[in-house]
Amino acid sequence: MVVNVLFIDSYDSFSYNLVKLIRAQSDQIHVTIIHNNTFASFDELRQFLTYFDCIVVGPGPGNPKNGYEDVGLLNEMFCSELQVPVLGICLGFQVMCLSAGCTISQLSEIKHGQVYDIKVISSESNEEGSSRKSLFENYPTTFKSVRYHSLKVSVNADSTSVYPLCDTTDENGKVLMGAQIAATPWYGVQYHPESCCSDLGGLLISNFLTIAKNFNKSQQRLNSRYRLAEDDLQRQKIIALLDKTIDKTSVYKKPTLTDSKITIKEHKIAPNARLALEFCNSLAVPFFLMSSSTIQDNRGEHSIIALPNERSTVFTHYDQLHKTLVYKWRDRRISKDMIAAATSNNEVNVEGLDCINEDKGNFWKTIGSFMKDQLVSNRPDLPFIGGLVGVLGYEMGSFTVNRDKGKIVPDAKLVFIENSIIVDLKKGKVSFISLNNNFPADIEKRVLDVIAVDGVKSTSSDLAQLPHGVGFGIKMPTKEKYAEAFEKSQKYLHQGDSYEVCLTTQTEVRPEKRVDPWRIFQTLIRRNPAPFASFFEFSDLEAGWSDLCLLSTSPERFLKWDRDSCELRPIKGTVKKDESSTLESATKILKTPKEFGENLMILDLIRNDLYELLDKVTVDELMSVEEYETLYQLVSVVKGHKLHDSPYSGIDLLRHSLPAGSMTGAPKKNTVQLLQDEIETDLNAHLTSSGVRGVYSGVTGYWSCNDRGDWSVNIRCMYSYDDAESWRLGAGGAITVLSTLEGEWEEMHTKLSSALQIFRDSSNN
Ligand SMILES: C=C(O[C@@H]1C=C(C(=O)O)C=C[C@H]1O)C(=O)O
Ligand SMILES: NC(=O)CC[C@H](N)C(=O)O
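Residues numbered from 1 in each chain as written. Chains lettered and ligands numbered in written order. Predicted model: local features only at pLDDT ≥ 70, side-chain atom pairs only at ≥ 80, totals over all residues.

### With respect to the overall build of the protein
Summing up its helical and strand segments, the protein has 21 helices and 33 strands in all. Against the 2.2 N^0.38 benchmark of 27 Å for 765 residues, the protein shows a C-alpha radius of gyration of 28 Å, consistent with a compact globule. Along the first, second and third principal axes, the C-alpha atoms of the protein reach 85 × 60 × 50 Å. Here the contacts in the protein between residues at least 6 apart in sequence split such that 76% fall between residues at least 24 apart. (Helix = DSSP H or I, 4+ residues; strand = E, 2+ residues; numbered from the N terminus. Rg over C-alpha atoms; globule rule 2.2 N^0.38 Å. Contact = placed C-beta atoms within 7 Å.)

See the structure below:
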């Protein structure tokens, strides 16, 4: 018989890891997920509880003492005479214990993403030993688990209403890690059984499910439930209804794919990471480049040159206006003025220009329904055969809003590409691909000429530096403002509102004289080689004018997918390179609790983002150290599997996981809101234009017609909204309770320098 579990989520970034752990105990378990504020009061939920075997109350930001705003109906629920088995995790545990008269206070040494020995309290020393032992049945006396908490539960000395079940010892002394509330079937743990670095999490859940089953049987709690067929039908109806309270619709309904004629011409080449740049230098038409400038395993094995033409559809979304504009690349009927009118909220009726009033949620659906008709079944082996390419800004993700009152700027720009050149750096191959059998012969010839002279010509190195005599005005964030934002982050981390905050700043660079973006890009890529470099100068209206340009040397893959699986490579943990540093010394630093915790939190967050849509997720690399030009980074690799069995495809995973967890911190929703409304608000006052993150912290990449995708995080990059008149550079890093102001300020500068160095060097010329 199916066991129905109600999971109450407090908008945490680890909830779906727990849901997965519950589901993994048997295929006869159905988990229904609601938020702690799905209902305005516990009374509204109470009527449905008879349909559930038990309740699991998840972790989350906030403090139970703050009431409904932080914990929704949970306080009310635990203050009722609830005769339903409950397992509370972390925040859920704290609310439960508060209702039983415990004290909630701040830990003096806060633990976020740290593994501790948890000690099971021996049952002989307690009167009600047998029932209490059951939650930790078959456990060793100590086991390892991850802690993510700022607050602790203390049982008052004279209390008889709380039975401690396990604890741990650290600088705070003894800290309660698990308990049962007397005379109730309510249990809870302070640690996180679902973390990928916790042991025996599944056993905790299965022990709890056994307790729940025994309790329900002894109390004859669910007896009436299955007596009548109509009761059972009613139960199914209610559960189906509750299952829909959190929107899980897909971007598009997966069609059955068929073959289509794609023309591909391949040529052998000697692999050279600079070849794609040389090809671009030889072109006399607009192009976008997603290039690897380092040849490494499983990241950046390919460089892709995408060639827009007059049949290319351009999608631009403006979050400030809730509007999408759709037109063809450089359609002569559409002028800059018409776009200006359309983005000043005027009605514009021009042939060839489609103005859609929609929010970003519907923008995903617009591109989904467009791509549905373009997807084909052939050549799943190639990374890209043509499709949508472009840039999605930070404010395209969930929980973020572009509230900037100033200039209207694109939050997303995607262009449909039918002709492309792929350089396979591993196999030594260049391919000319056309979805429409119309790859331009002159472009093919130019590229073949470059290959014929055997690649890298010396002229390119002249282009790989900025012109002499051009000065650059640089406006940087001040240390004072940074320190204020750092302190605010610490306040929220200490209060329990966040576990990790990715604090970012922006710098503005204004050249005295316009410098061609392609030249800046070549300078940048030479100074900061990276596996995910991108050049996106969108000049989709008139030749030579661009309202969005991105030059990126990103080290970080956000998400790559094919029809079967997906991969994310979150980076968290940074060490600056200097003359004395070696991979070994950097590894030592990167394996300290601060960096370990930083990476683990984002790793668990990413597992959560995938588990929300997929059944099988694995951690394929746990915190490897990677070396880059100016720094070392700690990288983990997470994979999602069996996409073909799921109603979701890669684009759903992308939509759903933005903004990238490594750019937000955890838990995502609360931290994004705190960053946007409180922490980063004054930090970018030095900028001439808006202070929203914009392109920085977003992603760049493609959705190919063979349903593959690859998107990198927009970091170590610069971008312009005004046709290269001014550039913005973002830089930041994760703040945790173990961070120091000096350390973070320096780390931010190290990252900023990876791109800013080219302007500084040039100004010194
Ligand atoms: C925020 C940036 O980088 C992010 C933060 C990192 C960190 O905190 O260690 C590492 C890589 C990125 O995910 C940046 O480069 O601006
Ligand atoms: N992970 C959690 O549930 C944290 C609970 C609470 N906000 C704390 O920080 O202690």
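The rest of the description comes next.
### Let's talk about the site of ligand 2
Surrounding ligand 2, one finds Pro59, Gly60, Pro61, Gly62, Cys90, Leu91, Tyr148, His149, Ser150, Leu151 and Gly496. Among the elements that line the shell around ligand 2, the one with the most residues is strand β6 (residues 142-154), at 4 residues. Looking at the shell around ligand 2 residue by residue, the classes come out as 6 nonpolar, 5 polar and no charged. (Near = placed C-beta within 6 Å. Nonpolar A, V, L, I, M, F, W, Y, C, P; charged D, E, K, R; others polar.)

### Observations regarding the domain arrangement of the protein
Domain annotation for the protein reports domain 1 (3-243) and domain 2 (263-764). The straight-line distance from the C-alpha centre of domain 1 to that of domain 2 is 40 Å. On the side of domain 2, 29 residues touch domain 1, which itself brings 26 residues to the contact. Listed by contribution, the elements that provide at least two residues to the side of domain 1 that touches domain 2 are α1 (15-23), β5 (103-120) and β6. For the side of domain 1 that touches domain 2, the per-class residue count stands at 11 nonpolar, 13 polar and 2 charged. (Domains from an automatic or database assignment.)

### Focus: helix α14 (residues 479-495)
Counted at 1.5 Å a residue, the expected span for α14 with its 17 residues is 24 Å, and the 24 Å between its end C-alpha atoms agrees. Taken from the residues just after α14, Gly496 is the one with a positive phi, measuring 90 degrees. (Expected span 1.5 Å × (residues − 1).)

### With respect to the nonpolar core
Nonpolar side chains in soluble globular proteins tend to be buried together. Residues Ile55, Met96, Cys97, Phe208 and Ile305 are the most contacted members of the largest nonpolar core, which totals 213 residues. Per-element accounting of this core gives the leading share, 9 residues, to helix α17 (residues 593-611). Counting residues domain by domain, this core receives three or more from each of domain 1 (3-243) and domain 2 (263-764). In contact with Met96, not counting residues within four places along its chain, are Phe78, Val86, Gly88, Ile181, Trp186 and Gly188. (Core = buried A, V, L, I, M, F, W, Y, C linked by C-beta atoms within 7 Å. Buried ≥ 20, exposed ≤ 12 C-beta atoms within 10 Å, placed from the backbone.)

### Some remarks on the packing of helix α9 (residues 275-282) against helix α12 (residues 441-452)
Running from N to C, α9 and α12 point in directions that differ by 130 degrees, and their axes come no closer than 9 Å. Taken together, the axes of α9 and α12 lie oblique to each other. Pair α9 / α12 crosses with right-handed handedness. Where α9 approaches α12, its residues Glu278, Phe279 and Ser282 are matched on the opposing element by Arg446, Val447, Asp449 and Val450. (Axes fitted to C-alpha atoms, helices over the stretch in contact; angles between N-to-C directions. Parallel < 35°, antiparallel > 145°, perpendicular 65-115°, else oblique. Left-handed = near helix turned anticlockwise from the far one by under 90°.)

### Things to note about the confidence of the model for the protein
Chain-level statistics for the protein give a pLDDT mean of 93 and a share of 96% at 70 or above. Note on the complex model: pTM 0.96, ipTM 0.98. (pLDDT = per-residue confidence, 0-100.)

### What about the site of ligand 1?
Residues in contact with ligand 1 amount to 18 residues; listed here are only the nearest, Ser662, Ile715, Gly732, Gly733 and Ala734. Only β21 (500-511), β26 (571-576), α19 (661-664) and β33 (727-735) provide two or more residues apiece to the shell around ligand 1. Ranked by residues supplied to the shell around ligand 1, first place goes to β33 with 5 residues. For the shell around ligand 1, the per-class residue count stands at 6 nonpolar, 8 polar and 4 charged.

### Things to note about the sheet that holds strand β8 (residues 173-181)
Taken in spatial order, the 9 strands of this open sheet run β2-β1-β3-β4-β9-β8-β7-β5-β6, and their pairing is mixed. Among the strands making up the open sheet, the edge pair consists of β2 (29-35) and β6. Within this sheet the neighbouring strands show an average axis-to-axis angle of 25 degrees, counted without direction. Pairing analysis gives 2 bridges linking β5 to strand β7 (residues 162-170), with the strands arranged antiparallel. Across the sheet, Lys119 pairs through a bridge with Asp167, a residue of β7. (Pairing = 2+ DSSP bridges.)

### Quick look at the UniProt feature "domain: Anthranilate synthase component I N-terminal" (unreviewed entry) in the protein
What UniProt calls "domain: Anthranilate synthase component I N-terminal" (unreviewed entry) maps, in this numbering, to residues 287-430. Measuring from the first to the last C-alpha atom of residues 287-430 gives 16 Å, for a span that is 14% helix and 32% strand. (UniProt positions renumbered as here; feature names shortened; annotations may be inferred.)

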